[in-house]
Amino acid sequence: MSSAAAPIEAETPALVLRDFGGGPFGIYIHVPFCATRCGYCDFNTYTAGELGTSASPQSWLEALRGELATAAERFAALPTATPEVATIFVGGGTPSLLGGDGLADVLDSVRANFALAADAEVTTESNPESTAPEFFERIRAAGFTRVSLGMQSAAQHVLKVLDRTHTPGRAVAAAKEARAAGFDHVNLDLIYGTPGERDSDLDASLDAVLSAGVDHVSAYSLIVEDGTALARRVRRGELPAPDDDVLAARYERIDSRLDAAGLTWYEVSNWAAGDSARCRHNLGYWDGGDWLGAGPGAHSHVGGVRWWNVKHPARYADTVARGGFPAAGWEMLTADEQHTERVMLTVRLRTGLPLEELAPKESAAATRIIADGLAVRSGDHLILTDRGRLLADGVVRDLLT
Ligand SMILES: C[S@@+](CC[C@H](N)C(=O)[O-])C[C@H]1O[C@@H](n2cnc3c(N)ncnc32)[C@H](O)[C@@H]1O
Ligand code: SF4
């Protein structure tokens with residue numbers, strides 16, 4: 001442990017920080033509220049019925065202010081001055097449930113404790129059904145620069161399997177409202193491979209995405225997460241599990257249609273209309289940046305130290321109210337662990353994995369991966385081919401074993 005280590009007093013356990021890692025610095029804020037729970041989702045989020053009187057958006061915001069103040073104080077004790085905040089990402093859960101004023105309060109609570117870069121990227125996730133033109137105008141005026149909307153599909157029967165409560169057209173309408181309110185950067189999230197989704201449904205979703213004029217798309221294959229209502233339905237045989245061949249064909253369809261429309265991939269599941277449209281906050285995660293994750297269950301990473309907060313909003317609020325720091329645990333990554341993470345994340349980027357970082361055994365694996373047509377060598381980087389992107393997890397396994 002470095003002699004510069006500075007302890008953070010947490011309720012349990014104590015957290016030790018070394019210093020900033022030197023990459024861009026971002027802040028993630030977790031909003032743990034949803035109006036209803038989608039059957040596929042295992043994120044740390046709660047409905048009002050589940051929380052009862054134990055926690056509310058008000059108690060959460062108060063605790064968030066406390067956590068940000070304590071973190072800023074502790075960062076100030078590190079050897080390096082706290083960098084300006086390059087990116088903020090308010091995610092969830094459903095941040096749009098806080099309303100425009102609530103999200104403006106969230107941003108103010110960051111500004112009260114940290115210096116924001118003049119060109120900071122400030123994103124909020126939003127659910128289509130809890131947005132309106134005035135909402136986008138309010139958050140644009142407050143300083144948000146980017147909106148990410150969960151669209152998932154344009155097919156009514158697919159949305160129904162996913163338990164989504166918005167109509168097929170609402171996400172596109174919301175994206176247009178965000179653009180009209182002055183947002184240059186708008187993302188739509190898609191999920192593909194939902195049981196019952198046909199090729200024509202995916203095409204309709206892509207038509208809708210492209211009609212919205214957004215500059216960013218994230219597309220994820222449906223993951224059947226253990227413990228979710230979807231997993232129970234699949235186990236009972238009510239719904240088929242997503243089929244790998246179908247998922248691969250759908251991914252290729254998404255990539256070719258987005259690419260033809262000028263949205264090119266920059267990470268295996270993310271496409272953007274040019275460099276300025278890429279999500280800088282997520283690039284910080286993938287490229288070894290530092291970030292503070294605030295809010296229940298949020299994860300942080302600063303200079304090779306990783307910690308995670310208590311998950312339940314009531315416990316989170318109680319811990320901060322009693323003057324504690326809400327970390328539930330922490331770990332200092334070894335050089336090997338940092339290397340593994342770096343390989344896993346950078347290989348998924350279009351900019352690729354720096355070959356000079358590979359150990360001799362890994363370099364030999366990279367040579368085989370190139371010979372198999374799954375990646376190419378471009379300068380001193382290993383970059384996935386189109387087929388390699390379909391098999392990205394396998395490429396990572398081959399590199400690391
Ligand atoms: C956690 S959500 C938060 C955004 C917002 N609440 C919403 O649902 O629109 C972020 C995105 O993760 C994706 N996601 C969540 N669970 C998933 C799963 N099991 N499989 C694939 N994608 C998932 C969805 O595309 C979703 O839009
Ligand atoms: S609205 Fe988003 S965060 Fe909430 S349950 Fe659905 S997918 Fe998860």
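Predicted, not measured: the structure shown is a model, and the values here were computed from it.

Draft legend 1. Highlighting the domain arrangement of the protein. In terms of domain boundaries, the protein breaks down into domain 1 (2-286) and domain 2 (335-401). Each side of the interface is counted separately: domain 1 has 15 residues, and domain 2 has ten residues. Where domain 1 abuts domain 2, roughly 1,200 Å² becomes buried across the two surfaces, and 57% of that area is made up of carbon and sulfur atoms. Sorting the residues of domain 1 by area buried against domain 2 places Trp265, Val268 and Trp286 first, and these three jointly supply 53% of that buried surface. Here domain 1 and domain 2 share two salt bridges between them. Salt-bridge contacts for Arg348 lead to Glu267; the nearest nitrogen and oxygen are separated by 2.8 Å. At the surface where domain 1 touches domain 2, the tally comes to seven residue pairs in polar contact (both at pLDDT 80 or more). Elements that contribute at least two residues to the side of domain 1 that touches domain 2 include exactly helix H9 (244-260), strand S9 (264-267) and helix H10 (280-286). Split by residue class, the side of domain 1 that touches domain 2 holds nine nonpolar, two polar and four charged.

Draft legend 2. How the structure looks around the nonpolar core. With 95 residues, the main nonpolar core has Trp60, Phe75, Phe114, Phe136, Trp307 and Leu399 as its most contacted residues. In terms of residue count, the dominant contributor to this core is helix H2 (residues 57-76) (eight residues). Each of domain 1 (2-286) and domain 2 (335-401) gives at least three residues to this core. Leave out the neighbours within four places in its chain, and Phe114 touches Phe25, Ile27, Leu68, Ala72, Phe75, Thr82, Val85 and Leu292. Counting eleven residues, the second-largest nonpolar core is a separate cluster that includes Tyr40, Leu162, Ile191 and Leu222.

Draft legend 3. Focus on the site of ligand 2. For ligand 2, the full set of nearby residues is Cys34, Thr36, Arg37, Cys38, Tyr40, Cys41, Gly93, Thr94, Asn127 and Arg164. In terms of residue class, the shell around ligand 2 is made up of four nonpolar, four polar and two charged.

Draft legend 4. A look at the layout of surface pockets. In this model, the second largest pocket occupies a volume close to 240 Å³. Along the walls of the second largest pocket sit 17 residues, with Phe33, Ser56, Pro57, Gln58 and Leu98 positioned nearest its centre. Ranked by residues supplied to the lining of the second largest pocket, first place goes to H2 with four residues. Counted by class, the lining of the second largest pocket contains eleven nonpolar, five polar and one charged residues.

Calculation criteria
- Residues numbered from 1 in each chain as written.
- Chains lettered and ligands numbered in written order.
- Predicted model: local features only at pLDDT ≥ 70, side-chain atom pairs only at ≥ 80, totals over all residues.
- Heavy atoms only, no water.
- Domains from an automatic or database assignment.
- Contact = heavy atoms within 4.5 Å.
- Buried area = accessible area lost by both parts, 1.4 Å probe.
- Salt bridge = Lys/Arg side-chain N within 4 Å of Asp/Glu carboxyl O.
- Polar contact = N/O pair within 3.5 Å; in protein donor to acceptor, adjacent residues only side chain to side chain.
- Helix = DSSP H or I, 4+ residues; strand = E, 2+ residues; numbered from the N terminus.
- Nonpolar A, V, L, I, M, F, W, Y, C, P; charged D, E, K, R; others polar.
- Core = buried A, V, L, I, M, F, W, Y, C linked by side-chain atoms within 4.5 Å.
- Buried < 20%, exposed > 50% of the residue type's maximum accessible area, 1.4 Å probe, protein only.
- Near = heavy atom within 4 Å.
- 1 Å grid on protein atoms, 1.4 Å probe; cavity = no way out; pocket = protein on both sides within 12 Å on 5 of 7 lines; lining within 4 Å.
- Points joined across faces, edges and corners; volume = space filled by probe spheres on them.

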